[in-house]
Amino acid sequence: MPDETGGHGLTSRPGLPQLRLDQLLDELQSRLDAARTTQDRMHSLLEAVLSVGRELDLAQVLRRIVEAAVALTDAEYGALGVIGDHQRLSQFLPVGISEDLARQIGPLPSGHGILGELIRNPQPLRLEDLADHPASHGFPDNHPPMRSFLGVPIRVRDEVFGNLYLTEKHGGAQFDADDEAVLTTLSVAAGVAIDNARLYNESRLREKWLEASGEISRTLLSGANAQTVLRMIAQHALKLAHADSACVLLPSGEQGSLRVSVAEGAEADRLTGLVVPFDDSLASEAARTGKPSTTTDIRSSGHGYNFPGLERPHGPTVAVTLFSPQEQAPGALRLARFAGRASFNDNEVELLSVFAAQAALALELARHRAESDQLVLLQDRDRIARDLHDLAIQRLFATGMTLQSVGRLIDRPEAAERVTRAVDDLDETIKIIRSTIFALRSEGSAPGDQGLRGRISAAVNSANRTLGFTPSLIMEGTLDTDVPPETGDHLLAVLAEALSNTARHARARRMEVTVTVADELVLTLTDDGVGIGANQHTGGLTNMRSRAELLGGSFTAEPALDDGTGTHLVWCVPLSSD
């Protein structure tokens, strides 16, 4: 029979369902906590993706990626390594290590050990202890201890841009599959953000290069000389390419070598004027081939010329072709960064090449514009010369002939003498106008096209620097056609010697130079200086006499004034009749 409590031993059973229910509730609570944790983590991942995607500055994007990765995985240390040339890290951005500690550790990693393993095999890598992996090389002095490790690659489109590295999960725990999944997801978002930031930076950089090209074109159109523009090209390239040194190299004429015509940046004064061998430099290779020439380190490159004796040696270097309007052969624009800095990437080289080509085009257009202006000027001078010859000289001739005929009819000697002097003055005026006509037709020619008349004019004008004044110059006759080249060279040498002697010894304030051509070539120089004195003529005067006698001519040197002051030189040589 059942007992009073209900019988059948039911007094001990009600606790079993209650225990099972508690277990189920605990499990449910645990699952709820895990779901909540997962939810929080997904929210954090979403916030991290949004935070990374908002940035457009590449440096800030990379920094936010590392900080987000450390926060999402609860890691103590994190870093992002950017893969550069030769499968080495070109950038390394650590998080969790102070600047003081980083200085104590020394140089940043370049891609050896575990970091290199992830570069060689771009797949997620999760380790319980770094030291147990075969690729581990240990840590440098002062490096904090690290055991657990998680790394994933960051891909930008089809390119492995770099890797995310995390170590030392807080509390001594290990990185798990969820950490790997979260970090992999973040790396995908990071790749998109990096690509956007790079595209934005590239577009901004292209805009700045175009602005620089526009400024160079405007400067050229304003009439600036080529040397000023070449300096502007070097300055803009130095700034926009974030280089430490910029050089414009042009042909030097010494066995095909290149000379640094313009230098900007570090040690510019020291680099200016240096000559670079044409067969062993990046600049000469760019000038010869018309294509950019680059190296990651000019010091160890198999080709390229490294400027010796620099306070800070150059490392990454690039050279692109640059045409200059003054040179028949092309030159080059050479940029360099200090050793240890990042090398020039493909985008930077492309932008530099386009900039140099546009700058060279602007220089060429400016040269054609200057030649066009010069042609207009020469045509105008030729017109003036024709008008002077056809109108002014003919009228002066007519006036002189009229005065001569009137002079015969004048009875008073005083009046007749005045008319004669007037006729002589007209003859002298005609000579001056003819000399001006010849000068108009010879000035403005290219240096290589100048005849004897232009070379004489240039020599007299250049004497201003030493004399302190410009001598007056009169040239009569067909100097460019009737004077043999050898005789013209002797004349120029005598003129240069006389101008030099006057500048050094005469203390003159005025000087007249006259060159006439008829049956003889006569050079006359007269100054108001202290005179040559009574001493025997030596040195320069002897050389002048020797040159005259060599050509069968004569040379005289005497005081210009009665008191013995001043100097009057006459150098005269015959001209052959054939």
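Residues numbered from 1 in each chain as written. Predicted model: local features only at pLDDT ≥ 70, side-chain atom pairs only at ≥ 80, totals over all residues. Heavy atoms only, no water.

Caption draft 1: View of the overall build of the chain. Across its full length, the chain carries 15 helices and 16 strands. In the chain, which comprises 578 residues, the share counted as buried stands at 38%. Restricting the contact set of the chain to residue pairs at least 6 apart, pairs at least 24 apart contribute 60%. With an accessible surface of roughly 32300 Å², the chain has 51% of that area assigned to carbon and sulfur atoms. (Helix = DSSP H or I, 4+ residues; strand = E, 2+ residues; numbered from the N terminus. Buried < 20%, exposed > 50% of the residue type's maximum accessible area, 1.4 Å probe, protein only. Contact = heavy atoms within 4.5 Å. Areas by Shrake-Rupley, 256 points an atom, 1.4 Å probe, with all protein chains shown as cover.)

Caption draft 2: Highlighting the pattern of salt bridges. Using the criterion set out here, one finds 17 salt bridges in the structure. Taking the shortest distance from any N to any O, the salt bridge between Glu180 and Arg126 comes out at 3.0 Å. Here Arg126 lies in strand S3 (residues 125–127) and Glu180 lies in helix H5 (residues 177–221), a separation of 54 residues in the sequence. Note on Glu180: relative accessible area 21%, which makes it partly exposed. Asp244 serves as the salt-bridge partner of Arg341, at 3.0 Å between the closest nitrogen and oxygen. Of the two residues, Arg341 sits in the loop between strand S11 (331–338) and helix H9 (346–407) while Asp244 sits in the loop between helix H6 (226–240) and strand S6 (245–251), which places them 97 residues apart along the sequence. Given a relative accessible area of 34%, Arg341 falls into the partly exposed group. Take Asp244: its relative accessible area is 16%, and that puts it in the buried class. (Salt bridge = Lys/Arg side-chain N within 4 Å of Asp/Glu carboxyl O.)

Caption draft 3: Structural context of the environment of Asn306. If you trace the backbone, Asn306 turns up in the loop between strand S9 (293–295) and strand S10 (314–322). Note on Asn306: relative accessible area 25%, which makes it partly exposed. Residues Asn306 and Ser281 lie 25 residues apart in sequence; the distance between their C-alpha atoms is 8.0 Å. Not counting residues within four places of it along the chain, the set of residues in contact with Asn306 comprises Ile298, Arg299 and His314.

Caption draft 4: Quick peek at the nonpolar core. Among the nonpolar cores identified, the biggest contains 34 residues, and Trp209, Ile233 and Leu335 are the most heavily contacted of them. Those elements that place two or more of their residues in this core are H5, H6, S6, S10, S11 and H9. Among the elements that take part in this core, H9 stands out by supplying nine residues, more than any other. Beyond its immediate stretch of four places on either side in the chain, Ile233 contacts Ile216, Leu333, Phe355, Ala359 and Leu363. Counting residues in hydrophobic clusters, the runner-up holds 33 residues, among them Val460, Leu491, Leu523 and Leu541. (Core = buried A, V, L, I, M, F, W, Y, C linked by side-chain atoms within 4.5 Å.)

Caption draft 5: Inspection of the confidence of the model for the chain at higher detail. Within the chain, residue pLDDT values average 79, and 79% of them lie at 70 or more. The spread of mean pLDDT over the elements of the chain runs between helix H1 (residues 15–54), the lowest at 62, and strand S16 (residues 567–574), the highest at 94. (pLDDT = per-residue confidence, 0-100.)

Caption draft 6: Inspection of the sheet that holds S11 at higher detail. With antiparallel pairing, six strands are arranged side by side in an open sheet as S8-S7-S6-S11-S10-S9. Looking along the sheet, the strands with just one partner apiece sit at the ends: strand S8 (275–276) and S9. Pairing of S6 with S11 involves five bridges; the strand directions are antiparallel. Across the sheet, Ala246 pairs through a bridge with Leu335, a residue of S11. Helix-sheet contacts for H6 involve S6, strand S7 (258–265), S10 and S11, and the interaxial angle to S7 is about 55 degrees. (Pairing = 2+ DSSP bridges. Axes fitted to C-alpha atoms, helices over the stretch in contact; angles between N-to-C directions.)

Caption draft 7: How the structure looks around the side chain of Glu348. Topologically, Glu348 is positioned in helix H9. Apart from residues no more than four positions distant in its own chain, Glu348 is found in contact with Ala241, Arg337 and Ser343.

Caption draft 8: Molecular detail of the environment of Ile114. Within the element layout of this structure, Ile114 appears in helix H4 (residues 113–120). The exposure class of Ile114 is buried, given its relative accessible area of 9%. Residues Ile114 and Gly151 lie 37 residues apart in sequence; the distance between their C-alpha atoms is 9.4 Å. Discounting chain neighbours no more than four positions away, the residues touching Ile114 are Leu125, Leu127, Leu130, His133, Ala135, Ser136 and Phe149.

Caption draft 9: Main features of the layout of surface pockets. In this model, the second largest pocket occupies a volume close to 680 Å³. Contributing to the lining of the second largest pocket are 30 residues, with Phe92, Pro109, Leu115, Phe139 and His143 lying nearest its centre. Sorting the residues of the lining of the second largest pocket by element identifies strand S1 (75–83), strand S2 (89–95), helix H3 (99–105), H4 and strand S5 (159–169) as the ones contributing at least two each. Residue composition of the lining of the second largest pocket, grouped by class: 19 nonpolar, eleven polar and no charged. (1 Å grid on protein atoms, 1.4 Å probe; cavity = no way out; pocket = protein on both sides within 12 Å on 5 of 7 lines; lining within 4 Å. Points joined across faces, edges and corners; volume = space filled by probe spheres on them. Nonpolar A, V, L, I, M, F, W, Y, C, P; charged D, E, K, R; others polar.)

Caption draft 10: Focus on the sheet that holds strand S13 (residues 511–517). Taken in spatial order, the five strands make up an open sheet running S12-S13-S14-S16-S15, and their pairing is mixed. Because the sheet does not close on itself, it has two edges, and the strands there are strand S12 (472–476) and strand S15 (554–558). Within this sheet the neighbouring strands show an average axis-to-axis angle of 5 degrees, counted without direction. Where S12 and S13 come together, five bridges link them in parallel fashion. Of the residues in S13, the one forming a bridge with Met475 is Val515. Each of S12 and S13 is contacted by helix H11 (residues 452–462), which is oriented at about 170 degrees to S12, the strand it contacts most. Strand contacts of helix H15 (residues 540–550): S15 and S16, with the helix running at about 20 degrees to S16, the strand carrying the most contacts.

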